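# Coordinates in review
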Amino acid sequence: MNPTRVTAFAPGSVANVAIGFDILGFSVDSVGDRVTLTRTERPGVNITSITGVVEDLPLQADRNTAGQALLAMQRYRNLPFGFDVQIEKGIPLASGLGGSAASAVAAVVAANAMIDEPLTRIELLKVAMEGEAVASGSRHADNIAPSLFGGLVLTVGIDEPRVKQIPVPQLIHAVIVHPHLQVSTKQARAILSGTVNMSDFVWQTANLAGFISGCYTNDLDLIKASLEDVIIEKQRQVLIPGFQQVRSAALAAGALGCSISGAGPTLFALCLEQDAGAVRAAMEDEFAKQGIETDKWIVSVQSGGAHVVSTSA
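Now for a quick tour of the structure. (Residues numbered from 1 in each chain as written. Predicted model: local features only at pLDDT ≥ 70, side-chain atom pairs only at ≥ 80, totals over all residues. Heavy atoms only, no water.)

### Some points on the pairing of strand β2 (residues 24-40)
Counting buried residues along β2, 12 of its 17 residues qualify, which places the element largely inside the surrounding structure. In the sheet, strand β1 (residues 5-15) pairs with β2 via 11 bridges, with the strands oriented antiparallel. Bridging from a neighbouring strand, P11 pairs with G32 of β2. Note that β2 and strand β4 (residues 82-89) share seven bridges and pair antiparallel. (Buried < 20%, exposed > 50% of the residue type's maximum accessible area, 1.4 Å probe, protein only. Helix = DSSP H or I, 4+ residues; strand = E, 2+ residues; numbered from the N terminus. Pairing = 2+ DSSP bridges.)

So this is what it looks like as structure tokens:
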């Protein structure tokens, strides 16, 4: 007998990781969303409650990332039953920590535990991306994939995505600093130029290749030299007061690199575990000088992905 009530957790995520716009991301399991589904005999998706750090999200299924992902899953499997949905938000709205993706991922992971022929993780990725599109205006997997798979993830392709989990040297940790600001994904994408200089394209491509190569070979110097965004960061930094000061402080405290998490305003820094406390304090202090309060975490880049928390008949 498949369970009729399931709760799943999906972690937050850092998208882009500076040099992998729309294709690279890593999971952040210190924050995340929980979705509880109860099977109903009637088809469709009924969102009954949204609680937690964000409550004023749409209850209409086709306007909610979790709801739209479940509708896509119902169409994909032609499910004869429906879901009552309870969403518990642990990720602040418009924070750059993948909150819209986490809700979609937790919803489809919970639903997958209820069906006779579970979807593969790639199939779950596809239906969850339909939910993400509600928030961002387009399908992309740089938050969905790490939230679903866990760890540092490279995703190639949209219609037929291929996902590769990238090994990260164990010495490396991430400092995540979330200033109490909001930057919507749609706003952050709207300011981006539609063209890129050839020199910047070559530089960014080399940085992406160098970063991934450094991860596979435990080459910390190559990771540090490559972790620099020369295309997106310089356009989006205007949305984050004090960005340059915070970034400079992180690097001075020993960070290998520091940039914007997803659309922002959250910033992340990769550093050696021994330097993480100093990097966090330096970033926090610089935001404080701007009069901005922050939430902050030190996390492993190799944290886990979405999973079922509880089930009942």
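### Observations regarding the side chain of S303
As for its position among the elements, S303 is in the loop between β10 (294-300) and β11 (307-312). Polar contacts involving the side chain of S303 include one to the side chain of S27, which spans 2.8 Å. Aside from chain neighbours lying at most four places away, what touches S303 is S27, V28, D29, G150 and G151. (Polar contact = N/O pair within 3.5 Å; in protein donor to acceptor, adjacent residues only side chain to side chain. Contact = heavy atoms within 4.5 Å.)

### Topic: the pattern of salt bridges
Taken as a whole and judged by the stated rule, the model has eight salt bridges. Notably, a salt bridge pairs E284 with K296, separated by 3.0 Å at the nearest N-O pair. Placement of E284 in helix α10 (residues 276-289) and of K296 in strand β10 is noted, with a sequence separation of 12 residues between them. Under the relative-accessibility criterion, K296 is labelled partly exposed at 29%. (Salt bridge = Lys/Arg side-chain N within 4 Å of Asp/Glu carboxyl O.)

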